[in-house]
Amino acid sequence: MANHKSSIKRIRANATKRLRNRYQARSTRNAIKRLRTSSTKSEASDLLKKVTSMLDRLAKKNVIHKNKAANNKSRLTKFVNSLS
C-alpha cells in the first residue's frame, strides 16, 4: 500500500485514466468494426472521418502507438476506396 499522499492520489488518477483509455479504445475498435461491415461507400466514408479522428486522438494521448494509428487509417482508407 502506498504511504505518501501524492502516491495515493497518483494511484487514483491512474485508475481513472485507465478506465477512460479503455473506454475510448473500445469505442474506437467498435467503430472500426462498424466501418468494416458497412456496405455502401457513402456510409463508409462518413464513418471513416469519425474513425480517423478517433484514432488520431488515441495516438495523441499515447493510448495506442502513432504508427498503429497510421496503419489502421491506411488500411481503412484502402478498404473504403475499394467499395463501389
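Here goes a summary of the coordinates provided.

Here is what the cut-offs are and how they apply
- Residues numbered from 1 in each chain as written.
- Predicted model: local features only at pLDDT ≥ 70, side-chain atom pairs only at ≥ 80, totals over all residues.
- Heavy atoms only, no water.
- Helix = DSSP H or I, 4+ residues; strand = E, 2+ residues; numbered from the N terminus.
- Rg over C-alpha atoms; globule rule 2.2 N^0.38 Å.
- Buried < 20%, exposed > 50% of the residue type's maximum accessible area, 1.4 Å probe, protein only.
- Salt bridge = Lys/Arg side-chain N within 4 Å of Asp/Glu carboxyl O.
- Core = buried A, V, L, I, M, F, W, Y, C linked by side-chain atoms within 4.5 Å.
- Axes fitted to C-alpha atoms, helices over the stretch in contact; angles between N-to-C directions.
- Parallel < 35°, antiparallel > 145°, perpendicular 65-115°, else oblique.
- Left-handed = near helix turned anticlockwise from the far one by under 90°.
- Contact = heavy atoms within 4.5 Å.
- Nonpolar A, V, L, I, M, F, W, Y, C, P; charged D, E, K, R; others polar.
- Phe/Tyr/Trp six-rings, centres within 6.5 Å; stacked < 30°, edge-to-face > 60°.
- Lys NZ or Arg CZ within 6 Å of the ring centre and 35° of its normal.

Quick look at the overall build of the protein
- Looking only at helices and strands, one finds 3 helices and 0 strands in the protein.
- If you list the helices and strands of the protein from N to C, you get α-α-α.
- Against the 2.2 N^0.38 benchmark of 12 Å for 84 residues, the protein shows a C-alpha radius of gyration of 17 Å, more extended than a compact globule.
- Projected onto the principal axes, the alpha-carbon positions of the protein cover approximately 60 × 20 × 15 Å.
- A burial count over the protein gives 24% of its 84 residues as buried.

Focus: the pattern of salt bridges
- Applying the stated criterion to the full structure yields 1 salt bridge.
- A salt bridge links Lys73 to Asp56, with the shortest nitrogen-to-oxygen separation between them at 2.7 Å. Note that Lys73 is positioned in helix α3 (residues 66-82) and Asp56 in helix α2 (residues 41-60), a separation of 17 residues in sequence.

A closer look at the nonpolar core
- Core analysis: the largest hydrophobic core is formed by 16 residues, its most contacted members being Leu35, Val51, Leu55, Leu76 and Val80.
- Secondary-structure elements contributing two or more residues to this core are α1 (5-37), α2 and α3.
- Broken down by element, the residue count for this core peaks at 7 residues, all from α2.

Here we look at the packing of α1 against α3
- Two elements in contact, α1 and α3, have axes separated by 10 Å at closest approach and are oriented at 20°. The angle between α1 and α3 falls in the class roughly parallel. For the pair α1 and α3, the crossing hand works out as left-handed. Where α1 approaches α3, its residues Ile32, Leu35 and Arg36 are matched on the opposing element by Asn72, Arg75, Leu76, Phe79 and Val80.

A few points about the packing of α1 against α2
- As a packed pair, α1 and α2 sit with axes 10 Å apart at the nearest point and diverge in direction by 155°. Relative to α2, the element α1 is oriented roughly antiparallel. Crossing angle aside, the handedness with which α1 passes α2 is left-handed. Contacts from Gln24, Ala25, Ser27, Thr28, Ala31, Ile32, Arg34 and Leu35 in α1 reach Ala44, Leu47, Leu48, Val51, Met54, Leu55 and Leu58 in α2.
- Across the contact of α1 with α2, the residue classes tally to 11 nonpolar, 3 polar and 1 charged.

A few points about the packing of aromatic side chains
- A complete count under the given rule lists 0 aromatic pairs for this structure.
- Across the ring face of Phe79, the terminal group of Arg36 is positioned such that the distance to the ring centre comes to 5.2 Å.

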